[in-house]
Amino acid sequence: MSGLIDLVAFDDAMARYEPVIGLETHVELGTNTKMFCGCPTTFGLEPNSAVCPVCLGLPGSLPVANRAAIEYTIRIGLALNCAIASWCRFARKNYFYPDMPKDFQISQYDEPLCTDGSLEVAVDGQKFRIGIERVHLEEDTGKSLHVGGATGRIHGADYSLVDYNRAGIPLVEVVTKPIPGTGALAPVLARTYVTELRDLLRALKVSDVRMEEGSLRCDVNTSLAPYGATQWGTRTETKNVNSLRSVERAVRFEIERQAAVLDAGGKVVQETRHFHEDSGTTTAGRSKEEAQDYRYFPEPDLVPVAPEASWVEEIRSSLPELPATRRARLQSEWGLSDLDMAALLNIGALDLVAATVAAGASAADARKWWLGELARHANSAGVELLELAITPAQVARVAALVQDRTLNDKLARQVIEAVLAGAGEPDQIVSTQGLAVVSDDSALTQTVESVIAANPEVADKIRAGKTPAVGALVGEVMKATRGRADAARARELILQRLTEGR
Ligand SMILES: [Zn+2]
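Not measured: the values here are computed from a predicted model. (Residues numbered from 1 in each chain as written. Predicted model: local features only at pLDDT ≥ 70, side-chain atom pairs only at ≥ 80, totals over all residues. Heavy atoms only, no water.)

Looking at the sheet that holds strand β4 (residues 104-107)
Now for step 1: The antiparallel open sheet is built from three strands, whose spatial order is β4-β3-β14. Looking at the sheet topology across the chains shown, the edges are occupied by β4 and β14 (297-298).
Now for step 2: Taken together, the four bridges between strand β3 (residues 91-94) and β4 define a ladder with antiparallel strand orientation. Bridged to Arg-92 within β4 is Ile-106. (Pairing = 2+ DSSP bridges. Helix = DSSP H or I, 4+ residues; strand = E, 2+ residues; numbered from the N terminus.)

Focus on the pattern of salt bridges
Now for step 1: On inspection of all chains with the given rule, the structure shows 37 salt bridges.
Now for step 2: Lys-177 is the salt-bridge partner of Asp-116, the closest N and O atoms lying 2.6 Å from each other. One end of the pair, Asp-116, is in strand β5 (residues 114-123); the other, Lys-177, is in the loop between β9 (170-176) and α3 (186-204), with 61 residues separating them in the sequence.
Now for step 3: Classification of Asp-116 by relative accessible area gives partly exposed; the value is 48%.
Now for step 4: Exposure remark for Lys-177: the relative accessible area of 29% places this residue in the partly exposed category.
Now for step 5: A salt bridge links Asp-208 to Arg-210, with the nearest nitrogen and oxygen atoms 3.7 Å apart.
Now for step 6: Taking relative accessible area as the criterion, Arg-210 reaches 37% and is therefore assigned partly exposed.
Now for step 7: Each of Glu-28, Asp-140, Arg-166 and Arg-217 takes part in a single network of salt bridges with overlapping partners. (Salt bridge = Lys/Arg side-chain N within 4 Å of Asp/Glu carboxyl O. Buried < 20%, exposed > 50% of the residue type's maximum accessible area, 1.4 Å probe, protein only.)

Overview of the packing of aromatic side chains
Now for step 1: The final tally for this structure, using the stated rule, is four aromatic pairs.
Now for step 2: Both rings, one in Tyr-95 and one in Tyr-294, keep their centres 5.5 Å apart while their planes meet at 65°; by these two values the pair is edge-to-face. With a gap of 199 residues between them, Tyr-95 in the loop between β3 and β4 and Tyr-294 in the loop between β13 (281-287) and β14 connect regions that are remote in the sequence.
Now for step 3: Taking the centre distance of 5.9 Å and the plane angle of 65° together, the rings of Tyr-294 and Tyr-296 count as edge-to-face.
Now for step 4: Accessibility expressed as a relative area gives 11% for Tyr-294, which makes it buried.
Now for step 5: For Lys-93, the ring lying beneath its charged end belongs to Tyr-294, and the centroid distance is 4.5 Å. (Phe/Tyr/Trp six-rings, centres within 6.5 Å; stacked < 30°, edge-to-face > 60°. Lys NZ or Arg CZ within 6 Å of the ring centre and 35° of its normal.)

Overview of a nonpolar patch on the surface
Now for step 1: Taken together, the side chains of Leu-145, Tyr-159 and Leu-161 define a hydrophobic patch exposed on the protein surface, amounting to about 310 Å² of accessible area.
Now for step 2: Note that Leu-161 resides in strand β8 (residues 159-163). (Patch = residues over 30% accessible without salt bridge, like charges linked within 9 Å, V, L, I, M, F, W, Y side chains within 5 Å. Areas by Shrake-Rupley, 256 points an atom, 1.4 Å probe, with all protein chains shown as cover.)

Side note on the packing of helix α6 (residues 323-333) against helix α8 (residues 350-358)
Now for step 1: Between α6 and α8, the shortest axis-to-axis distance is 12 Å and the interhelical angle comes to 55°. Viewed along their axes, α6 and α8 adopt a mutual orientation that is oblique. Judged by the twist between their axes, the crossing of α6 over α8 is left-handed. On α8, the residues touching Arg-326, Arg-327 and Leu-330 of α6 are Leu-350, Asp-351 and Ala-354.
Now for step 2: Residue composition of the contact of α6 with α8, grouped by class: three nonpolar, no polar and three charged. (Axes fitted to C-alpha atoms, helices over the stretch in contact; angles between N-to-C directions. Parallel < 35°, antiparallel > 145°, perpendicular 65-115°, else oblique. Left-handed = near helix turned anticlockwise from the far one by under 90°. Contact = heavy atoms within 4.5 Å. Nonpolar A, V, L, I, M, F, W, Y, C, P; charged D, E, K, R; others polar.)

The values reported here are purely geometric and, on their own, carry no functional implication.
In structure tokens form, the structure reads like this:
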């Protein structure tokens, strides 16, 4: 294949072709032990220190299925509205790979534990019900390290090392049905789906879902066909996409690449492709194996999995509140419109606002600060809200100081700025920088007197009954106190002084 790829601009591709996407997400389960033995699953252990005859595939060793992994898989299946099999078997998937000690992988084939579910996601307020084909259990492989080459790949390496610590770690694979009808939303929908799935898995406490550590990774299927075609196009499978952003980029790139192939009268080849983080492109890997190449057969060393209906119901009743339910509940508790809620989600502020409310702020105040002042700071610093050096508790404290009139909005913004700059806790900043509102009458009265004396014409108007003119004098008081006066109290004092006894 040539090194240069002509692409068709995304919008042009979307004008002529209809994409169909599909996502296979591999999730490392957070069980303490491996899938078929008692070895620990701790991340970052000394290479080959968490291994035993079973996960090394030594002759005569026998696997035993991990009950917790089965329970976690059922939990995932139930949360994805799947049917749970009352009886199913593991299958042997035969292929040779150096980091797979048994030369086969124990997986599930035609009898997955969970089938036919769905997950609803929303993009720009448009809802999509993503069909879930299956959720099945399998074991992870080991990890190869190629030493001496420039690229870290096997080509050009002096030698390779294998770490079997990962071999046998329980993995769940969540496979969607093909997703047609997305049009140009395909890339962002793919990303949104994986995000929603990640949040769901996190809420279920079945995995730490760290994409950067490989505990959640995605294979992205993409195909393209001309609008009105009776058949979907040939799909490619981009393997091991390791970040949410990359999921979106991989779909987008494949659409642009496949459109170019089709435009040139070519045929898209059914194959596995690799995604390159640095360039955002994919390159061809091996051509895709068919199921028969793996010579699947039921795993003879394991008994079938037959979860009792009562156990499944017990798991169902122990499911936590799921992200979609939580969002709906918070939206109604906070009295937000769909649009307000979408704004909050888009900016990634849901958990921050929730935590700020939990720390005592009103929902209106929490939203105001995170979506206003703090979003502005994050934006100008080019970081996410979550990365700002301020906690929900500190935001709640600032809101409380505004509520009890220790601060006005302007002073509150200064306090927030100081917190972000690392100057300490809000109360500490208020006292050390003298930022509290001056509402003490003796201090304010003095300023009011001098402002009235300096603005006799305005004062006369007010005396003559033109009350709205008081605004100008309040403005002068604020100026004189550098924004620290309690404006409402200043207004009262001015009116008292000029209109009382008339
Ligand atoms: Zn082991």
